[in-house]
Each structure stands twice: as C-alpha cells, then as structure tokens.
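One letter stands for each residue in the lines below.
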Amino acid sequence: MRQKLVAGNWKMHLSTDEARDLARSIVESIDNTTPEVLLCPSFTLISAIKDEVEDSPVFLGAQNLFWEPKGAFTGEISAEMILDAGCTHVIIGHSERRQYFGETDASVQRKTATALQAGLIPIVCVGETLEEREEGQTSVVINRQVSGALERFKPEDIRKLVIAYEPVWAIGTGRTATPETAQEVHQLIRAWLIDHSGKEIAETVRILYGGSVKPDNAETLFSQVDIDGGLVGGASLKAEAFSAIIKAAR
Ligand code: PEP
C-alpha cells in the first residue's frame, strides 16, 4: 500500500519567525500515526526550517530548481544547493511556474531529470486550466503534460518520483475538484504509469491532489483509491488547518 504524503507549498510567504513558529507547531502536532509530511518553504527559509524539523519525521523540499550544476545563472539555484541546504524533495512545474515563468513540459522534463540524478525526489505538477476543462480537453492536456515530462524516464526512475495533479482552476480559488472528478484524473495518470512502467511500479507511485485542499474536504479526497495525499497551498500556512489535513490522511 502507498503511504500517504501531505506536502505544504508555502510559496512566497512568511518571515523567518513566522515560518519557524509554523514549522514548530506542525512538528508538535504529528505523531507516529501520521502520513509522510513535507514542508516546502521559500529558499531563504530552508535553513531555518531545517533546524525546526531536524529530529522529526518531517521532510523538507524546495519549490523549484535549475538544471545547471553551477555557473553564471543569476537568481537560479541548483539541485546540489538544494540538497546541501537539507532538502529531500523539490516541486517541479507548478502551474504558477508554468503561468508566470514560462515553464514548459520540456523544462519540467529537464528539471525532473536533474532532480533524479541528484537524488532529490521530484514532485512533478500537472493540471488543466478552466478553459481546457470546459472544452473537454482535460485528458488530452494531462496526458500531454505527463508524457512531456516523464516519457523519457526509465521505469526505475518513475518509481522514485511523486506526481501532483493540480487543476489550475482549483488552485487558490477555494474551488476544489470533487473527489470523483479528481479521482478520474488520478486514474488516468495511473493508467499512463501502468502503460509506461508496468503495473508493479505504477502502483508504487504517489499521485497527490492539489487545489484548495482544506480540513473539511481533505478526508473525502484522500479516501479515493488513486489519491495518495495532497499538495496544499493556502491551508498549509495555518498550523491548525494543515495539522487537520495531515490527520485526514491517516
Ligand atoms: C498549490 O499551490 O499547490 C495549491 C494547491 O494551492 P491551494 O491549496 O492554495 O489551492
């Protein structure tokens, strides 16, 4: 059985003091019955949060990386730097990166390859826009994004990654996909994985749902067969809400 994973994407929020307090509260709220928990603060907060999660089961992740190992790339950060800072995971291809920073399936593929090579666990994000959903293009878009990002990897690499389905229309909007709608897409992604890597590997890959996950909808979302936890934005910035979402994944 796949262990559930609940990841908090803190995006471009929080001062160091606020972030430390939040991480401390989350660490205090978890026990050995909780699923895997991952915090993804902004780069400047990583070292402070590392201190807070040090002796706990909470994992630390970055929100982006660049594929070059070093050099004159002002403003970028490499996989080695992320590892060196104490992270185990990295979010790749979040829809905000696709929308505002020109990321494409090709750049997502390259970043995922870099993360895997460095030993970081990539959380590869895919999701359709509202327009694409309304035009009946959801499965075409998801298949294109998943293939574009992952097709070139061998099954043993596919085994190492996490996928996040995040319908763009549900991110930060308060509009959540119904559990059935989300499950349909997760099942589609699982089918792609089976086709690409075989059933045994496909069954081990965690597919997270993201898009306005809240304490009151988390349990029904996480109870769907192919939903293996959540990538949580807004609600991960509040200790009480995020702890409740973690509990819902038990
Ligand atoms: C996200 O940023 O990945 C996200 C899902 O945000 P929110 O939970 O706020 O919709």
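Scope of this entry: the structure provided in the associated data block.

Parameters and conventions
Residues numbered from 1 in each chain as written. Predicted model: local features only at pLDDT ≥ 70, side-chain atom pairs only at ≥ 80, totals over all residues. Heavy atoms only, no water. Near = heavy atom within 4 Å. Polar contact = N/O pair within 3.5 Å; in protein donor to acceptor, adjacent residues only side chain to side chain. Areas by Shrake-Rupley, 256 points an atom, 1.4 Å probe, with all protein chains shown as cover. Nonpolar A, V, L, I, M, F, W, Y, C, P; charged D, E, K, R; others polar. Helix = DSSP H or I, 4+ residues; strand = E, 2+ residues; numbered from the N terminus. Expected span 1.5 Å × (residues − 1). Buried < 20%, exposed > 50% of the residue type's maximum accessible area, 1.4 Å probe, protein only. Arc of directions from axis to C-beta. Core = buried A, V, L, I, M, F, W, Y, C linked by side-chain atoms within 4.5 Å. Contact = heavy atoms within 4.5 Å. Axes fitted to C-alpha atoms, helices over the stretch in contact; angles between N-to-C directions. Parallel < 35°, antiparallel > 145°, perpendicular 65-115°, else oblique. Left-handed = near helix turned anticlockwise from the far one by under 90°.

On to the site of the ligand. Around the ligand sit 14 residues, and of these Lys-11, Glu-166, Gly-172, Ser-212 and Gly-234 come closest. Glu-166 is positioned such that a nitrogen or oxygen atom in its side chain is 2.6 Å from an oxygen atom of the ligand. Against a free-state accessible area of 290 Å², the protein chains account for coverage of 97% of the ligand. Among the residues making up the shell around the ligand, the classes are represented as 4 nonpolar, 8 polar and 2 charged.

As a further point, take helix α1 (residues 16-29). Over its 14 residues, α1 runs 20 Å from end to end, which matches the ideal 20 Å to within 8%, given 1.5 Å per residue. Buried within α1 are the following residues: Ala-19, Leu-22, Ala-23 and Ile-26. Taken end-on, α1 shows its buried residues confined to a sector of 95 degrees, consistent with a single buried face. In this structure, α1 carries Asp-17 and Glu-28 as exposed residues pointing more than 90 degrees from its buried face.

Phi is positive for Leu-14, close to 85 degrees, though the residue is something other than glycine. Topologically, Leu-14 is positioned in the loop between β1 (5-9) and α1. For Leu-14, a relative accessible area of 26% corresponds to the partly exposed category. Phi at Ser-212 is positive, roughly 55 degrees, even though this residue is not glycine. Examined against the element boundaries, Ser-212 turns out to sit in the loop between β7 (206-210) and α11 (215-222). For Ser-212, a relative accessible area of 9% puts it in the buried group.

Turning our attention to the nonpolar core. Taken as a class, soluble globular proteins show a tendency for nonpolar side chains to be buried jointly. One finds Leu-150, Ile-189 and Phe-222 to be the most contacted residues of the largest nonpolar core, which totals 64 residues. If sequence neighbours within four positions are ignored, Phe-222 has contacts with Lys-4, Val-6, Val-213, Ile-227, Gly-229, Gly-230, Ile-245, Ala-248 and Ala-249. Leu-38, Ile-123, Cys-125 and Leu-231 belong to the second largest nonpolar core, which has 11 residues in total.

Before going further, it helps to examine the packing of helix α5 (residues 105-118) against helix α7 (residues 138-150). Put simply, α5 and α7 touch, their axes get as near as 7 Å, and they point 40 degrees apart. Here α5 is positioned oblique relative to α7, judged by the angle of their axes. Read as a crossing pair, α5 and α7 show a hand that is right-handed. Taken together, the residues of α7 that come into contact with α5 (itself represented by Asp-105, Val-108, Gln-109 and Thr-112) are Arg-144, Gln-145, Gly-148, Ala-149 and Leu-150. Residues of the contact of α5 with α7, tallied by class, amount to 3 nonpolar, 4 polar and 2 charged.

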